[in-house]
Amino acid sequence: LLSSAIAQPPAGYGGVPSMTISGYLIEDATNEPVEFATISVFSKRDSSLVTGTLTDTKGYFTIDTKPGKYYLRVQFMGYQDLIVDNVNRSFKTAS
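Keep in mind that this is a model prediction, so the values were computed, not measured. (Residues numbered from 1 in each chain as written. Predicted model: local features only at pLDDT ≥ 70, side-chain atom pairs only at ≥ 80, totals over all residues. Heavy atoms only, no water.)

## Quick look at the overall build of the chain
Rules: In DSSP terms, a helix is any run of H or I states spanning at least four residues, a strand is any run of E spanning at least two, and both are numbered starting from the N terminus.
On a plain count of helices and strands, the chain comes out with 0 helices and 8 strands. Listing the helices and strands of the chain from first to last along the sequence gives β-β-β-β-β-β-β-β.

Structural data, given as structure tokens:
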């Protein structure tokens, strides 16, 4: 499995900072999208599950969450789990 993920800051919800993690999951042997794979977001601090989603029919996923340090676990039946480490984004406020 091949995964591509980006973390970027969208407009916050009512002034609350947020970030979007998105990408495509592509099978590297066939270059075909992996449909309906599970993408789980875990906190790097304590390994707690934060949120998750499934890839769509094009292998695409998008997840909105608050800024922080995370890692992703990608799971699909018949494949070894894939860990995407160091997914993070932080914001500083003007003082």
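## A closer look at the packing of aromatic side chains
What counts, and what does not: Each Phe, Tyr or Trp ring (for Trp, its six-membered ring) is paired with any other whose centre lies within 6.5 Å, and the angle between the two planes then decides the class: stacked below 30 degrees, edge-to-face above 60, tilted in between. Working definition: with a 1.4 Å probe on protein chains only, accessible area under 20% of the residue-type maximum means buried, over 50% means exposed, and in between means partly exposed.
Tallied over the full model, the rule gives 3 aromatic pairs. Considering the side-chain rings of Tyr-24 and Tyr-60, the 5.0 Å spacing of their centres and the 55° angle between planes classify their relative orientation as tilted. Of the two residues, Tyr-24 sits in strand 2 (residues 19-27) while Tyr-60 sits in strand 6 (residues 60-65), which places them 36 residues apart along the sequence. Overall, Tyr-24 belongs to the partly exposed group, its relative accessible area being 42%. Consider the rings of Phe-76 and Tyr-79, whose centres lie 5.8 Å apart with planes at 45°: the pair is tilted.

## Some remarks on the pattern of salt bridges
Definition in use: Each salt bridge in this description consists of a side-chain nitrogen of Lys or Arg and a carboxyl oxygen of Asp or Glu lying within 4 Å of one another.
A complete count under the given rule lists 2 salt bridges for this structure. Measuring nitrogen to oxygen at the nearest pair gives 2.7 Å for the salt bridge that ties Lys-44 to Asp-85. Of the two residues, Lys-44 is situated in the loop between strand 4 (38-43) and strand 5 (49-54) and Asp-85 in strand 8 (residues 82-89); the sequence distance between them amounts to 41 residues. On the accessibility criterion, Lys-44 (32% relative accessible area) is partly exposed. Across the pair Asp-46 and Arg-45 runs a salt bridge, and its minimum N-O distance is 3.5 Å. Exposure remark for Asp-46: the relative accessible area of 43% places this residue in the partly exposed category. On the basis of relative accessible area, Arg-45 is assigned to the exposed category, the value being 72%.

## Some remarks on the nonpolar core
Quick reminder of the rule: Here, nonpolar core means buried Ala, Val, Leu, Ile, Met, Phe, Trp, Tyr and Cys residues that are tied together by side-chain atoms lying within 4.5 Å of each other. Note on contacts: a residue pair qualifies if any of its non-hydrogen atoms lie within 4.5 Å across the two residues.
In this structure, Ile-21, Ile-39, Val-41, Phe-61, Leu-72 and Val-87 are the most contacted members of the largest nonpolar core, which totals 13 residues. Those residues in contact with Ile-39, other than ones at most four positions away along the chain, are Thr-51, Gly-52, Thr-53, Thr-55, Phe-61, Ile-63, Leu-72, Arg-73 and Val-74.

## Looking at the environment of Ile-21
If you trace the backbone, Ile-21 turns up in strand 2. Put simply, Ile-21 and Asn-88 are 67 residues apart on the chain and 9.2 Å apart in space, counted from C-alpha to C-alpha.

## What to know about the pairing of strand 4
Note the threshold: At least two DSSP bridges between two strands are needed for those strands to be called paired.
Counting buried positions along strand 4 yields 5 of 6 residues, so the element is predominantly enclosed. Pairing between strand 4 and strand 5: 5 bridges, direction antiparallel. The residue of strand 5 that forms the bridge with Ser-40 is Gly-52. Hairpin connection, strand 4 to strand 5: the antiparallel pair is bridged by 5 residues, and Ser-47 has positive phi, about 60°. Examined bridge by bridge, strand 4 and strand 7 (residues 68-75) share 6 bridges and lie antiparallel to one another. Looking at the pairing, Ser-40 lines up with Arg-73 of strand 7.

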